[in-house]
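Commentary on secondary and tertiary structure
Below are the chains, spelled out letter by letter.
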Amino acid sequence: MLIAVFSVIAVLSYLLGSLNFGVILSNNMKSDDVRNHGSGNAGTTNMLRNYGKGIAILTIIGDMLKVFVAIAIAFAIVKYIPGVSLQLDNANQYFVDVRMLIKSFAGFFCVLGHIFPCYFKFKGGKGVATSGGMVFAIDWRIALILLAIFIVIVAITKYVSLGSIVMAVLYPALIFAFHKSIALTVIAAVFTVIVVVAHRGNIKKLINHTESKISFKSKKDGT
């Protein structure tokens, strides 16, 4: 039963994550596809660079909120299927925080859907905003620490990608520091690998000093 329940949660979370708001908003508000411009990424930064602050803000809100919806649905599934809650309660004997496990599991598949959206030929964003929503849902203390680190790095370097990569790398360490859970740390580590792989092009550009720096000026010149 547990395998079936978590399989349903994984699929629904992935499908929700696949609702990539960068693509949806650029298609509906600009009659365009943001992936055809700039970095080719359907994320907040590319939306900002190509269409401006307003639509970028809507993008980040949508991409964060879908994680909370995915997690809420996951808890609803667990709550209303007879016997499942009891089975999950038994997980405590293995020192697993069940609520954290459900949040991490649903959040992970939502981020996976955002990066590889089935609705948009598996070409989405890099998971920064969606990951941020996931971390806030899991533990607001960790989220605030990572947000502060992100802001400092971006303020100093102007590289959003560098701030995002550092956040992803630090996330498993903070999960373990706060919760001392192997299961949660493993999920966090897999999440980190996926986000870093999604940023592999940015890493190469950072090494070659060709990565674009953030600018709050709207432009549509394909750079």
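Residues numbered from 1 in each chain as written. Predicted model: local features only at pLDDT ≥ 70, side-chain atom pairs only at ≥ 80, totals over all residues. Heavy atoms only, no water.

**Describing the packing of helix α8 (residues 140–157) against helix α9 (residues 160–179)**
For the pair α8 and α9, interaxial distance at closest approach is 9 Å and the crossing angle is 155°. Viewed along their axes, α8 and α9 adopt a mutual orientation that is roughly antiparallel. Of the two possible hands of crossing, α8 and α9 adopt the one that is right-handed. Residue-level contacts link Arg-141, Ile-142, Ile-145, Leu-146, Leu-147, Ile-149, Phe-150, Ile-153, Val-154 and Thr-157 of α8 to Val-160, Leu-162, Gly-163, Ser-164, Val-166, Met-167, Leu-170, Tyr-171, Leu-174, Ile-175, Phe-178 and His-179 of α9. Partitioned by chemical class, the residues of the contact of α8 with α9 number 17 nonpolar, 4 polar and 1 charged. (Axes fitted to C-alpha atoms, helices over the stretch in contact; angles between N-to-C directions. Helix = DSSP H or I, 4+ residues; strand = E, 2+ residues; numbered from the N terminus. Parallel < 35°, antiparallel > 145°, perpendicular 65-115°, else oblique. Left-handed = near helix turned anticlockwise from the far one by under 90°. Contact = heavy atoms within 4.5 Å. Nonpolar A, V, L, I, M, F, W, Y, C, P; charged D, E, K, R; others polar.)

**Notes on a nonpolar patch on the surface**
Taken together, the side chains of Ile-57, Ile-60, Ile-61, Leu-65, Phe-68, Phe-136, Trp-140, Leu-144, Leu-147 and Ile-151 define a hydrophobic patch exposed on the protein surface, amounting to about 900 Å² of accessible area. Per element, the largest residue contribution to the nonpolar patch is 5 residues, and it comes from helix α4 (residues 53–80). Classification of Leu-65 by relative accessible area gives partly exposed; the value is 49%. (Patch = residues over 30% accessible without salt bridge, like charges linked within 9 Å, V, L, I, M, F, W, Y side chains within 5 Å. Areas by Shrake-Rupley, 256 points an atom, 1.4 Å probe, with all protein chains shown as cover. Salt bridge = Lys/Arg side-chain N within 4 Å of Asp/Glu carboxyl O. Buried < 20%, exposed > 50% of the residue type's maximum accessible area, 1.4 Å probe, protein only.)

**Digging into the environment of Val-98**
Among the secondary structure elements, Val-98 is positioned in helix α6 (residues 98–115). It is 9.9 Å that separates the C-alpha atoms of Val-98 and Leu-184, two residues lying 86 residues apart in sequence.

**What about unusual backbone geometry?**
A positive phi angle, close to 60°, is found at Phe-122, a residue other than glycine. Assignment of secondary structure puts Phe-122 in the loop between α6 and α7 (128–138). Despite not being glycine, Lys-158 has its phi angle at roughly 70°, a positive value. Given the relative accessible area of 37%, Lys-158 is considered partly exposed.

**Here we look at empty space enclosed by the protein**
Counted by the stated rule, this structure contains 1 cavity of 30 Å³ or more. As for the largest cavity, its lining consists of Ser-104, Phe-108, Met-134, Ile-138, Tyr-171, Leu-184, Ile-187, Ala-188 and Phe-191. Counting only elements with at least two residues in the lining of the largest cavity, the list comes to α6, α7 and α10 (182–198). Looking at the lining of the largest cavity element by element, the count peaks at 4 residues for α10. Of the residues in the lining of the largest cavity, the class split is 8 nonpolar, 1 polar and no charged. (1 Å grid on protein atoms, 1.4 Å probe; cavity = no way out; pocket = protein on both sides within 12 Å on 5 of 7 lines; lining within 4 Å. Points joined across faces, edges and corners; volume = space filled by probe spheres on them.)

**Overview of the confidence of the model for the protein chain**
Here the protein chain averages 87 in pLDDT, while 89% of its residues score no lower than 70. Mean pLDDT across the secondary structure elements of the protein chain bottoms out at helix α5 (residues 84–89), with 56, and peaks at α8, with 95. Across residues 218–223, where pLDDT falls below 50, the model places 16 contacts with residues more than four positions away in sequence or in other chains. (pLDDT = per-residue confidence, 0-100.)

**Focus on the packing of α9 against α10**
Running from amino to carboxyl end, α9 crosses α10 at an angle of 170°, the nearest separation of the two axes being 8 Å. It follows that α9 is roughly antiparallel to α10 by the angle criterion. Between α9, through Ala-168, Val-169, Tyr-171, Pro-172, Ile-175, Phe-176 and His-179, and α10, the contact on the second element is made entirely by Ile-182, Leu-184, Thr-185, Ala-188, Ala-189, Phe-191, Thr-192, Val-195 and Val-196. Looking at the contact of α9 with α10 residue by residue, the classes come out as 13 nonpolar, 3 polar and no charged.

**A look at the pattern of salt bridges**
For side chains of opposite charge, pairing can occur when their charged atoms come near one another. In this structure the tally under the stated criterion is 3 salt bridges. The closest approach of N and O atoms between Asp-33 and Arg-35, which form a salt bridge, is 2.8 Å. Here Asp-33 and Arg-35 have matching classes, each one buried. Taking the shortest distance from any N to any O, the salt bridge between Asp-139 and Arg-141 comes out at 2.7 Å. Here Asp-139 falls in the buried class, since its relative accessible area comes to 5%.

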